[in-house]
Amino acid sequence: MDFGLTQEQEDLRQEVRAFIAENVSQSLLDEMEGGEEGGRGPEYRELVAKVADKGWIGISWPKQYGGRERSHFERYVMTEEFLVAGAPTKAHFTADRQSGPVLLKYASESLKQKILPAIIRGECSFAIGMSEPESGSDLFAAKTRAEKCDRGWVVNGRKVWTSFAHHADYMIALLRTSSPTKENRRHGLSQFLVDMKAPGITVSPIINSTGQHDFNEVTFENVLLPKDQLLGEVDMAWKQATAELAFERSGPERFLENIYVLTELIRILGAQPGQREAEGIGRLIAQLHTLRQMSISVSGMLSHGKEPSLEAAIVKDVGTNWEQQLPNCARNLATFVNDEGNNRGRFDELIQNATIMAPKYTIQGGTREILRGIIARGLGLR
Ligand SMILES: Cc1cc2nc3c(=O)[nH]c(=O)nc-3n(C[C@H](O)[C@H](O)[C@H](O)COP(=O)(O)OP(=O)(O)OC[C@H]3O[C@@H](n4cnc5c(N)ncnc54)[C@H](O)[C@@H]3O)c2cc1C
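Nothing here was measured: the structure is a model prediction, and the numbers come from that model.

Trainee: Hey, could you go over the overall build of the protein chain for me, with residue numbers and the actual values?
Mentor: Summing up its helical and strand segments, the protein chain has 13 helices and 8 strands in all. Here the C-alpha atoms of the protein chain give a radius of gyration of 21 Å, agreeing with the 21 Å that 2.2 N^0.38 yields for 382 residues. Along the three orthogonal principal directions, the C-alpha set of the protein chain runs to about 70 × 50 × 40 Å. Taking all 382 residues of the protein chain together, 50% fall into the buried category. Considering only intrachain contacts with a sequence separation of at least 6, the fraction spanning at least 24 residues in the protein chain is 72%. Total accessible area computed for the protein chain in this model is approximately 18000 Å², and 51% of it derives from carbon and sulfur atoms. Side-chain charges in the protein chain split into 45 positive and 51 negative, and the spacing between the mean points of these groups amounts to 6 Å.

Written out as structure tokens, the structure reads:
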């Protein structure tokens, strides 16, 4: 579907840009990098409070919970500006992008009234509890069990690769509530809201390839979930989780996570690049422009209440492959740049970092092969 951004949305972009220039200082970025309190030190907490004061978390949610009832495009513009500026979003991003929308659709009214305003105030962050040791791509093989008891549900099992679970207040978990049926192997899973402070939950760090602690293993030992923390229909979460993944797969974070590589490349090539280098930059920008158009289109479909799973899979596949190749493209285009006044050392350091991070783009949120399977099915090819 063909969508564009309105003048009002572009005005918001200017406001967000000015806000970031004023509030995202070098000392804040150093605080994030230095890992003080896991990158969530006092300056970052202050920034989240200011973003919340602006009404920029849950901006598209209903006013009755504190939202602004603006469109997905406003959210799009903000995400784009935060990513391009390298400004931190860890604390509110997951809740704003997907956990909040899941609660809006499937939580009980009392749960919505309790949690959604807290997310909007920037006081509450979320983790995604889908993957397990033997169930990553094949989500519907999840084994972590929720068994019914008088007071609600008792959970036992293990989730893995859970990003930022060590900071999260809540998780939305995909849990097995009964066995799959012969007719439908996806049957038998349900979604729950999990309070990460509940007794019986252990969060253990998994250190990534850059030495950072982003993801975790989360173990559940007889964790009690009250009845009203069931989200949606028992045993039918496969439909809900598929819709949630459309939110996870289509945003600008799927091609802007390492955009600093492109801006750094343009900086180091200078105002008068050679023909080969100018062509290379032109090609990258043209590809980026197309990706952005596709991503905006999916945003438009989401705001029209559609579930663009196929389109979101295409954005994620094309976008993550693009950003995965970006460090190598940049290194090739900068081959002939020497260090005279160019600060080549900084460029090389950033490219090295981006190269180490690159493999994750085509794994997180669904691997390349899985996305291509979805696309093939959507096109009627399998
Ligand atoms: C940085 C990062 C953050 C993450 N954060 C989270 C998180 O917060 N929450 C969460 O739940 N998960 C998270 N994940 C996990 C991620 O969703 C899984 O790693 C991913 O879905 C793949 O699952 P797996 O690791 O079990 O690999 P597997 O599913 O075992 O896949 C291994 C390989 O086999 C291929 N393969 C598997 N099945 C098929 C098939 N049917 N056809 C063709 N090829 C196939 C895959 O493409 C892959 O190349 C994160 C992962 C990363 C890298």
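Having seen it, we continue.
Trainee: Requested: an account of the pairing of strand β6 (residues 201-207), with residues and values cited.
Mentor: Examined bridge by bridge, β6 and strand β7 (residues 213-226) share 7 bridges and lie antiparallel to one another. Bridging across to β7, I207 finds its partner in H213. Where β6 hands over to β7, the hairpin turn is made up of 5 residues, of which G211 adopts a positive phi near 85 degrees.

Trainee: How would you sum up the site of the ligand? Please name residues and give values.
Mentor: The immediate surroundings of the ligand are formed by 16 residues, with S131, S137, W161, T367 and E369 found nearest. In this structure, M130 approaches the ligand through a main-chain N or O atom, which is 3.0 Å from an oxygen atom. A distance of 2.6 Å separates an oxygen atom of the ligand from a polar side-chain atom of S137. Expressed as a share of its isolated accessible area of 970 Å², the protein-covered part of the ligand is 62%. Class assignment of the residues belonging to the shell around the ligand gives a composition of 6 nonpolar, 8 polar and 2 charged.

The rules behind each value
- Residues numbered from 1 in each chain as written.
- Predicted model: local features only at pLDDT ≥ 70, side-chain atom pairs only at ≥ 80, totals over all residues.
- Heavy atoms only, no water.
- Helix = DSSP H or I, 4+ residues; strand = E, 2+ residues; numbered from the N terminus.
- Rg over C-alpha atoms; globule rule 2.2 N^0.38 Å.
- Buried < 20%, exposed > 50% of the residue type's maximum accessible area, 1.4 Å probe, protein only.
- Contact = heavy atoms within 4.5 Å.
- Areas by Shrake-Rupley, 256 points an atom, 1.4 Å probe, with all protein chains shown as cover.
- Lys, Arg positive; Asp, Glu negative; His and termini not counted.
- Charge placed at Lys NZ, Arg CZ, Asp CG, Glu CD.
- Pairing = 2+ DSSP bridges.
- Near = heavy atom within 4 Å.
- Polar contact = N/O pair within 3.5 Å; in protein donor to acceptor, adjacent residues only side chain to side chain.
- Nonpolar A, V, L, I, M, F, W, Y, C, P; charged D, E, K, R; others polar.

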